[in-house]
Amino acid sequence: MTEKELIKEISGVDDANMPKSFVGIFHEIWNLEGMTQRVSENTFYKPDVEIFLHMKYLQIDFKFKSPTDEDLAIMWRVLEDYCKSDNSGDREKGEYPMLTVNIVPKKYNGKYYLLATNPIIHTLQPNTVNSKPTVIRMVFADGDFTFFQTEEASGNAEPLTYNPEEE
């Protein structure tokens, strides 16, 4: 499967108008010695996911049906907590915040997924002009996201590689 094919499998809704993917968001504190401290872990089943891949960045939109959706509030709270000054990196201790977004298309039972870390920006915005905010948009720098394919027997994951000859 190519990156573009996986983007299409992740994005949007299926024939039953249900989101094609589920989303995991993990907020952790990492240190230079390889130790991690989990701050929060959340799985979301409701947002429609839309992905746009550019040469230098990846944009992910999480579209919720209502501005009062509980999952919208939880996802936004995780992002706001991640960016609090108290959670900033500590260079003296060698500790740094890490936000990981894992998006898995339901159709393939975990065989393919997208992993993105540390968005450079996130916004809460309306889906259309003059409406209430129902979309969380995250933008990731090139090098901070990878599309994976797992080997079913071993469970090992291999990055999908871009091959211009496949296009």
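Residues numbered from 1 in each chain as written. Predicted model: local features only at pLDDT ≥ 70, side-chain atom pairs only at ≥ 80, totals over all residues. Heavy atoms only, no water.

## Here's the deal with the overall build of the protein
For the protein, the count of helices and strands is 2 helices and 10 strands. Tracing the protein from N to C terminus, the helices and strands come up as α-β-β-β-β-α-β-β-β-β-β-β. For a compact globule of 167 residues, the expected C-alpha radius of gyration is about 15 Å, and the protein comes in at 16 Å, within 12% of that figure. Out of the 167 residues in the protein, the part that is buried amounts to 38%. Residue pairs at least 24 apart in sequence account for 57% of intrachain contacts in the protein once pairs closer than 6 positions are excluded. When the accessible area of the protein is evaluated, it comes to approximately 10200 Å², of which 48% is carbon and sulfur surface. The centroid of the 17 positive side-chain charges in the protein is displaced by 6 Å from the centroid of its 28 negative side-chain charges. (Helix = DSSP H or I, 4+ residues; strand = E, 2+ residues; numbered from the N terminus. Rg over C-alpha atoms; globule rule 2.2 N^0.38 Å. Buried < 20%, exposed > 50% of the residue type's maximum accessible area, 1.4 Å probe, protein only. Contact = heavy atoms within 4.5 Å. Areas by Shrake-Rupley, 256 points an atom, 1.4 Å probe, with all protein chains shown as cover. Lys, Arg positive; Asp, Glu negative; His and termini not counted. Charge placed at Lys NZ, Arg CZ, Asp CG, Glu CD.)

## Concerning the pattern of salt bridges
One pass over the structure, following the stated rule, counts 7 salt bridges. We note a salt bridge from lysine 46 to aspartate 69, for which the minimum N-O separation is 3.4 Å. In this pair, lysine 46 is assigned in the loop between β2 (36–44) and β3 (48–53) and aspartate 69 in the loop between β4 (57–63) and α2 (70–82), connecting sequence segments 23 residues apart. Aspartate 69 gets classed as buried once you look at its relative accessible area, which sits at 12%. In this structure, the salt-bridge partner of arginine 137 is aspartate 61, at a minimum N-O distance of 2.6 Å. (Salt bridge = Lys/Arg side-chain N within 4 Å of Asp/Glu carboxyl O.)

## A word on the confidence of the model for the protein
On average, the protein scores 89 in pLDDT, and the residues at 70 or more come to 90%. Low confidence marks residues 162–167, where pLDDT is under 50. Its contacts with residues over four positions away, or in another chain, come to 2 contacts. (pLDDT = per-residue confidence, 0-100.)

## Re the nonpolar core
Grouped together as the largest cluster of nonpolar side chains are 28 residues, with contacts concentrated most on Phe62 and Ile103. Excluding residues within four positions of it along the chain, phenylalanine 62 makes contact with Val23, Pro47, Asp48, Val49, Met75, Val101, Ile103, Thr134, Val135, Ile136 and Met138. (Core = buried A, V, L, I, M, F, W, Y, C linked by side-chain atoms within 4.5 Å.)

## Overview of the side chain of aspartate 71
Here aspartate 71 lies in helix α2. Buried and unpaired, aspartate 71 has lysine 46 as its nearest opposite-charge partner, separated by 4.1 Å.

## Regarding unusual backbone geometry
Glycine aside, the phi torsion of most residues is negative, and most peptide linkages are trans. Residue asparagine 109 is not a glycine yet carries a positive backbone phi of 50°. Within the secondary structure layout, asparagine 109 lies in the loop between β5 (95–105) and β6 (112–117). For asparagine 118, which is not glycine, the phi dihedral falls at a positive 50°. Position of asparagine 118 among the secondary structure elements: in the loop between β6 and β7 (121–126). Of the residues examined, asparagine 118 reaches a relative accessible area of 22% and is grouped as partly exposed.

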